[in-house]
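What follows is each chain in one-letter form.
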Amino acid sequence: MKYASITGIVAALFLIFFCFLPWAFYPDLQENFTGFYSSHNHYGKPGKAFCFLAVFSIVLFLIPKIWARWVNQVVGVVLLAYAIKTYVLFSSCYNTICPQVKFALPAVLASTLVILVSGLLSRSTLKA
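Everything in this summary refers to the structure shown in the same document. Model, not experiment: these values are computed from the prediction.

**Some words on the state of the cysteines**
For step 1, the next point in the chain: Tallied over the full model, the rule gives one disulfide.
For step 2, the next point in the chain: One disulfide in the model links Cys93 with Cys98; its S-S distance is 1.8 Å. Around the S-S axis, the bridge from Cys93 to Cys98 shows a dihedral of about 110° and counts as right-handed.
For step 3, the next point in the chain: The exposure class of Cys93 is partly exposed, given its relative accessible area of 46%.
For step 4, the next point in the chain: Residue Cys51 stays outside any disulfide, its sulfur separated by 4.4 Å from that of Cys19, the closest cysteine.
For step 5, the next point in the chain: Note on Cys51: relative accessible area 15%, which makes it buried.

**Considering the packing of helix α3 (residues 66-91) against helix α4 (residues 104-121)**
How two helices sit against one another is set out by the angle between their axes and by the gap between those axes.
For step 1, the next point in the chain: Interaxial distance between α3 and α4 falls to 8 Å at its minimum, and their mutual angle equals 165°. Classified by the angle between their axes, α3 and α4 sit roughly antiparallel to one another. Between α3 and α4 the crossing geometry is left-handed. Across the interface between the two elements, Arg69, Gln73, Gly76, Val77, Leu79, Leu80, Ala83, Ile84, Tyr87, Phe90 and Ser91 from α3 touch Leu105, Pro106, Val108, Leu109, Thr112, Leu113, Ile115, Leu116, Gly119 and Leu120 from α4.
For step 2, the next point in the chain: For the contact of α3 with α4, the residue count by class is 15 nonpolar, five polar and one charged.

**Concerning helix α2 (residues 46-62)**
For step 1, the next point in the chain: Spanning 17 residues, α2 covers 25 Å between terminal C-alpha atoms, matching the ideal 24 Å at 1.5 Å per step.
For step 2, the next point in the chain: Within α2, burial applies to Pro46, Gly47, Phe50, Cys51, Leu53, Ala54, Ser57, Ile58, Leu60 and Phe61.
For step 3, the next point in the chain: Looking at the packing, one finds that the buried side of α2 touches α1 (4-18), α3 and α4.

**Thoughts on the packing of α2 against α4**
For step 1, the next point in the chain: The N-to-C vectors of α2 and α4 enclose an angle of 25°; their axes lie 12 Å apart at closest approach. When the interaxial angle is binned, α2 and α4 end up roughly parallel. Of the two possible hands of crossing, α2 and α4 adopt the one that is left-handed. Residues Phe50, Ser57 and Phe61 of α2 touch α4, and the partners they reach there are Val108, Thr112, Ile115, Ser118 and Gly119.
For step 2, the next point in the chain: Residue composition of the contact of α2 with α4, by class: four nonpolar, four polar and no charged.

**Things to note about the sheet that holds strand β2 (residues 31-33)**
For step 1, the next point in the chain: Strand order in the open sheet made by the three strands is β2-β1-β3, with antiparallel pairing throughout. Of all strands in the sheet, those bounded by a partner on one side alone are β2 and β3 (100-101).
For step 2, the next point in the chain: Bridge analysis of strand β1 (residues 24-26) against β2 gives three bridges, and the strand direction is antiparallel. Bridging from a neighbouring strand, Phe25 pairs with Asn32 of β2.
For step 3, the next point in the chain: Together, β1, β2 and β3 form the strand contacts of α3, whose direction differs from that of β1 by roughly 25°.

**Topic: the nonpolar core**
For step 1, the next point in the chain: Of all hydrophobic cores here, the largest spans 28 residues; its most connected members are Leu15, Trp23, Phe50, Leu79, Phe90, Val108 and Ile115.
For step 2, the next point in the chain: The biggest single contributor to this core is α2, with seven residues.
For step 3, the next point in the chain: Contact partners of Val108, with chain neighbours within four places excluded, come to Leu15, Phe18, Trp23, Phe50 and Ala83.

Criteria and thresholds
- Residues numbered from 1 in each chain as written.
- Predicted model: local features only at pLDDT ≥ 70, side-chain atom pairs only at ≥ 80, totals over all residues.
- Heavy atoms only, no water.
- Disulfide = S-S within 2.5 Å.
- Buried < 20%, exposed > 50% of the residue type's maximum accessible area, 1.4 Å probe, protein only.
- Axes fitted to C-alpha atoms, helices over the stretch in contact; angles between N-to-C directions.
- Helix = DSSP H or I, 4+ residues; strand = E, 2+ residues; numbered from the N terminus.
- Parallel < 35°, antiparallel > 145°, perpendicular 65-115°, else oblique.
- Left-handed = near helix turned anticlockwise from the far one by under 90°.
- Contact = heavy atoms within 4.5 Å.
- Nonpolar A, V, L, I, M, F, W, Y, C, P; charged D, E, K, R; others polar.
- Expected span 1.5 Å × (residues − 1).
- Pairing = 2+ DSSP bridges.
- Core = buried A, V, L, I, M, F, W, Y, C linked by side-chain atoms within 4.5 Å.

On their own, these measurements won't tell you what the molecule is for.
Here you go:
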């Protein structure tokens, strides 16, 4: 695919953007949780990991080597797996209270999927 690298870079930038938006609203706490905020830091700060891996993926998309493509595929798989874990963590019910999932949480999942597919479809020339 001719524009897979550009698509992957744009998806990684969107992933960083979505980390700052509200992911879920918890009615018992009356708070929105984001990638960088959860009450008493119970869910950690997955936005830090997403931002680091997204920037690393952008750098790998810009390197025209075959090893960069392979490493980018591994980074894409790690991003998708972590996004699935984060989605389940932030959207699961607890003590009969279910959070209201906001738009950004599924968007994080979709962005990581686009990064993975772009990494799989990107062209790399065989340069030594």
